[in-house]
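The lines below spell out each chain.
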Amino acid sequence: MANYIQEIRGLVGHRPLILNAAGAILVNDQQEVLLNLRTDTHNWSLPGGYLEYGETFDQACVREYKEDAGIDVEIVQPLGLFDQGFTTYPNGDETQVISRLYLVKQVGGHTLREETDETLDLQYFPFDNLPPLLNQQTADMLATGRDYFAKD
């Protein structure tokens, strides 16, 4: 069921929705985290996105990572579930997003070199020097990633 969220929005307009999403932390050799600059809000977030109807969190994570970053990933382990992701988008859509966060490793593909309809740029950042983020949930997920790598 492609474009599930778009279909729902067509029925309910900008009313607040509770949506499910999956995102992931991918780090490079310097233990910097990959973030994407979003086209809709012009701030940074982890590659990831909403589940399509019938998808699992795992499936959505892998699909969204490919769409947002051009990278094929394999899930290493789940890192947490986050349910306080409140966002009002520039078009007026309001959401509370329940996000499953994963640690992933790259198994193929390459970082996108051109803009897409969802991603303007991709860059690695140190966990202690992050750019302007989408919302508090994104900050919370990155803090979980920072804490995970700090214990190593």
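All of these numbers come straight from a predicted model, not from anything done at the bench.

S.K.: It is not clear to me how helix 2 (residues 57–69) should be interpreted in this structure. Could you clarify?
M.R.: Residue pairs three or four apart in sequence face the same way in an α-helix, which turns once every 3.6 residues. Over its 13 residues, helix 2 extends 17 Å from the first C-alpha to the last, a length consistent with the 18 Å expected when each residue adds 1.5 Å. For helix 2, every residue scored as buried is listed here: A60, C61, E64, Y65, D68 and A69. Axial view of helix 2: buried residues confined to an arc of 130 degrees, hence all on one face. Buried residues along helix 2 sit against strand 1 (17–25), strand 2 (33–38), strand 4 (48–50), strand 5 (71–88), strand 6 (94–109) and strand 7 (119–125). At the exit of helix 2 stands G70, carrying a positive phi of roughly 80 degrees.

S.K.: In this structure, what is going on with the side chain of N43? I would like to understand it.
M.R.: Among the structural elements, N43 can be located in the loop between strand 2 and strand 3 (44–45). Overall, the relative accessible area of 14% leaves N43 in the buried class. Only 2.5 Å separates the side chain of N43 from the side chain of T41, close enough to count as a polar contact. The contact partners of N43, leaving out residues within four places of it in the chain, are N36, L37, R38, P132, L133 and L134.

S.K.: Sorry if this is basic, but what is going on with the sheet that holds strand 5 here?
M.R.: The pairing of strands in a sheet happens through backbone hydrogen bonds and is either parallel or antiparallel. On the basis of which strands lie adjacent, the open sheet formed by four strands has the order 4-1-6-5 and mixed pairing. Unpaired on one side and paired on the other, strand 4 and strand 5 mark the two borders of the sheet. Geometrically, the sheet is characterised by an average inter-axis angle of 20 degrees between neighbouring strands, direction not taken into account. Note that strand 1 and strand 6 share nine bridges and pair parallel. Note that in strand 6 the partner of L19 across the bridge is V97. Sheet strands in contact with helix 1 (residues 4–12) are strand 1, strand 4 and strand 6, and its direction is about 155 degrees off that of strand 1. The strands touched by helix 2 within the sheet are strand 1, strand 4, strand 5 and strand 6, with strand 5 carrying the most contacts at an inclination of about 95 degrees.

S.K.: Even after reading the chapter, I still don't get the pairing of strand 5, so can you show me in this structure?
M.R.: Regular strands place side chains that alternate from one sheet face to the opposite one. Sheet analysis places strand 5 next to strand 6, joined by 14 bridges and oriented antiparallel. When the bridges of strand 6 are listed, I75 appears paired with V104. In this antiparallel pair of consecutive strands, strand 5 and strand 6, the connection spans five residues, and G92 shows a positive phi of 100 degrees.

S.K.: Any chance you could explain the layout of surface pockets here in plain terms?
M.R.: The rolling of a water-molecule-sized probe over the atoms marks out the regions of remaining empty space. Approximately 1000 Å³ is the volume found for the largest pocket. R38, D40, G49, Y50 and E118 are, among the 37 residues lining the largest pocket, the residues nearest its centre. Where the lining of the largest pocket is concerned, the elements lending two or more residues are helix 1, strand 1, strand 2, strand 4, helix 2, strand 6 and helix 3 (136–150).

Basis of the calculations
- Residues numbered from 1 in each chain as written.
- Predicted model: local features only at pLDDT ≥ 70, side-chain atom pairs only at ≥ 80, totals over all residues.
- Heavy atoms only, no water.
- Helix = DSSP H or I, 4+ residues; strand = E, 2+ residues; numbered from the N terminus.
- Expected span 1.5 Å × (residues − 1).
- Buried < 20%, exposed > 50% of the residue type's maximum accessible area, 1.4 Å probe, protein only.
- Arc of directions from axis to C-beta.
- Contact = heavy atoms within 4.5 Å.
- Polar contact = N/O pair within 3.5 Å; in protein donor to acceptor, adjacent residues only side chain to side chain.
- Pairing = 2+ DSSP bridges.
- Axes fitted to C-alpha atoms, helices over the stretch in contact; angles between N-to-C directions.
- 1 Å grid on protein atoms, 1.4 Å probe; cavity = no way out; pocket = protein on both sides within 12 Å on 5 of 7 lines; lining within 4 Å.
- Points joined across faces, edges and corners; volume = space filled by probe spheres on them.

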